[in-house]
Amino acid sequence: MKITTKTKSRCRILNREWLKVLAMLFMVFDHAYMTVVNVAGYGWMTQIGRIAFPIFALISEIPYNLMMGGEIIGPFHQNVMFTFLLALVFLKLIDKVLACSFHLAIKVICIAGICVLNVITGTIAFVDYSEVGVLTVLIFYLAKLMPKKYIELAVQFIGLWYINWVCLGGKVLIFPNGFEFPSRGWHC
């Protein structure tokens, strides 16, 4: 039996364009719940929205690799979806530390250790924006946990200043004479 062009097009429901539309629709559910609905009983909307991230990662990685390195699998540079995925892993670790009944000083030391692990992992994994991208997400997350809005804004400002001015622009207190990352030329 010969399949006509009209029949073929009806069979291709889950192509790349439809995946994008589905991901955007799922994301609208999540954003609508967070900004408009946000009442008990509608948490399912945000759960549906969480499906958007892996769909976008799935449809964007191969084109990104082709554009950046001309290969389908590019092991030395990953798109921003992997940066966010790595950040999500570290956010879950931070949540686990905060949920424990440790003394505050122990929690702070554990979170600092997670941030150091983040820097190492972001560099080794070759994610987009390297360790700085993942660290930016962590800073905004930790700032959101602050008890007052002005403290949250201060943490965001200081964190972003540190990343953008100190790490990317010159010297860090830990390395007063500068430390050069040879692969990127950053001074930190």
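The coordinates are above.
The rules behind each value
Residues numbered from 1 in each chain as written. Predicted model: local features only at pLDDT ≥ 70, side-chain atom pairs only at ≥ 80, totals over all residues. Heavy atoms only, no water. Helix = DSSP H or I, 4+ residues; strand = E, 2+ residues; numbered from the N terminus. Buried < 20%, exposed > 50% of the residue type's maximum accessible area, 1.4 Å probe, protein only. Contact = heavy atoms within 4.5 Å. Areas by Shrake-Rupley, 256 points an atom, 1.4 Å probe, with all protein chains shown as cover. Phe/Tyr/Trp six-rings, centres within 6.5 Å; stacked < 30°, edge-to-face > 60°. Axes fitted to C-alpha atoms, helices over the stretch in contact; angles between N-to-C directions. Parallel < 35°, antiparallel > 145°, perpendicular 65-115°, else oblique. Left-handed = near helix turned anticlockwise from the far one by under 90°. Nonpolar A, V, L, I, M, F, W, Y, C, P; charged D, E, K, R; others polar.

(A) Structural detail: the overall build of the protein. Along the backbone of the protein there are eight helices and zero strands. Along its sequence from the N terminus, the protein presents helices and strands in the succession α-α-α-α-α-α-α-α. The buried share among the 188 residues of the protein stands at 29%. Considering only contacts within the protein whose residues lie at least 6 apart along the sequence, 45% involve residues at least 24 apart. About 13100 Å² of surface is accessible on the protein, with carbon and sulfur atoms providing 73% of the total.

(B) Structural detail: the packing of aromatic side chains. Applying the stated criterion across every chain, the model contains one aromatic pair. Ring centres 5.8 Å apart and planes at 55 degrees place the aromatic pair Phe 29 and Trp 44 in the tilted group. Here Phe 29, found in helix H2 (residues 16-37), pairs with Trp 44, found in helix H3 (residues 44-49); they are 15 residues apart in sequence, far enough to count as distant.

(C) Summary view of the packing of helix H5 (residues 80-99) against helix H7 (residues 130-144). At a minimum axis distance of 9 Å, the contact between H5 and H7 shows a crossing angle of 40 degrees. In this view, H5 runs oblique relative to H7, as classed from their interaxial angle. In this structure, H5 crosses over H7, and the sense of that crossing is right-handed. Each of Thr 83, Phe 84, Leu 86, Ala 87, Phe 90, Leu 91, Ile 94 and Asp 95 in H5 lies in contact with H7, whose residues at this interface are Gly 133, Val 134, Val 137, Leu 138, Tyr 141 and Leu 142. Per-class residue counts for the contact of H5 with H7 are eleven nonpolar, two polar and one charged.

Geometry only, nothing functional implied.
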